[in-house]
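The residues making up each chain are set out below.
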Amino acid sequence: MARKGRPRKTGVKRSKTGRIIQPQEDARGVVIAQRLRLVERPTGKERLTDPEWGYELGRLFVTGKISHREHEAGKRYAGLVARYTRIKGLPSPNVRASGLESGGGRSLAIEPDADAIRRVSIAMHEVSERLFCADPGFEAVVRRACVEDLPVVGTSDLRAALIELADFWQIPEQKQAS
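These lines cover the structure that appears in this document, whether it is placed above or below. Keep in mind that this is a model prediction, so the values were computed, not measured.

## Describing the nonpolar core
Generally speaking, soluble globular proteins have nonpolar side chains that are buried together.
Right, so step 1: Formed by 24 residues in total, the largest nonpolar core has its most connected members in Y77, V142, L162 and L165.
Right, so step 2: Looking at this core, the elements with two or more residues in it are helix 3 (56–62), helix 4 (68–88), helix 5 (114–134), helix 6 (138–147) and helix 7 (155–169).
Right, so step 3: Considering each element in turn, this core owes the most residues, six residues, to helix 7.
Right, so step 4: Beyond its immediate stretch of four places on either side in the chain, V142 contacts Y77, V147, L158, A161, L162 and L165.

## What to know about the packing of helix 4 against helix 6
Right, so step 1: Where helix 4 contacts helix 6, the two axes come as close as 9 Å, and the packing angle between them is 90°. With respect to helix 6, the element helix 4 is oriented roughly perpendicular. For the pair helix 4 and helix 6, the contacting residues are G74, Y77, A78 and V81 in the first and E139, V142, R143, C146 and V147 in the second.
Right, so step 2: For the contact of helix 4 with helix 6, the class distribution of residues is six nonpolar, one polar and two charged.

## Let's talk about helix 7
Right, so step 1: Compared with the 21 Å implied by 1.5 Å per residue over 15 residues, the 21 Å span of helix 7 between its first and last C-alpha is a close match.
Right, so step 2: Those residues of helix 7 that are buried are in contact with helix 3, helix 4, helix 5 and helix 6.
Right, so step 3: Trailing helix 7 by a residue or two, Q170 shows a phi angle of about 55°, which is positive.

## Structural notes on the side chain of R69
Right, so step 1: Here R69 lies in helix 4.
Right, so step 2: A polar contact of 2.5 Å, which involves the side chain of R69, links it to the side chain of D167.
Right, so step 3: Setting aside residues no more than four positions away along its own chain, R69 makes contact with I163, A166, D167, I171, P172 and E173.

## Quick word on the environment of R76
Right, so step 1: Looking at where R76 falls in the secondary structure, it is placed in helix 4.
Right, so step 2: Separated by 70 residues in the primary sequence, R76 and C146 place their C-alpha atoms 9.2 Å from one another.
Right, so step 3: Setting aside its immediate chain neighbours within four residues, R76 contacts W169 and I171.

About the criteria used
- Residues numbered from 1 in each chain as written.
- Predicted model: local features only at pLDDT ≥ 70, side-chain atom pairs only at ≥ 80, totals over all residues.
- Heavy atoms only, no water.
- Core = buried A, V, L, I, M, F, W, Y, C linked by side-chain atoms within 4.5 Å.
- Buried < 20%, exposed > 50% of the residue type's maximum accessible area, 1.4 Å probe, protein only.
- Helix = DSSP H or I, 4+ residues; strand = E, 2+ residues; numbered from the N terminus.
- Contact = heavy atoms within 4.5 Å.
- Axes fitted to C-alpha atoms, helices over the stretch in contact; angles between N-to-C directions.
- Parallel < 35°, antiparallel > 145°, perpendicular 65-115°, else oblique.
- Nonpolar A, V, L, I, M, F, W, Y, C, P; charged D, E, K, R; others polar.
- Expected span 1.5 Å × (residues − 1).
- Polar contact = N/O pair within 3.5 Å; in protein donor to acceptor, adjacent residues only side chain to side chain.

By themselves, these figures tell us nothing about what the structure is for.
Here you go:
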């Protein structure tokens, strides 16, 4: 008696139940392939294993669109926003980092003291004020690239905002190797 439906695929591995077994891809190879699709120009695979390629600010740094000083300012800003959102109990600003199961129950992490909350809040307020005074759109541009990890259309505003942050935090210029 013949089976109904579509004919079975030949030459594929099957489980004991008859289902097709999908080949497992190397996770590192998948990540490298994704990064190759993201960058503007293809580069060697050995360069793509650098963790800087894994986020927008790092890609801008590796491709030479921002300086080491601007990169450090962006990382410092991202860390400050992460501390601020965590300490205030706000949801993660990066949608891809949000857990779908989270939200129920209580955290077992030690609650920060009032002084720590005040310090982080003041630091966040000072940085926001500095960016707003320089240009009202700077904070949105920096947040988009450093926190939300979204692509930047033009780097001139981002660079100007990162220079403003580097000046605020007094991040020294990177000495050029001779």
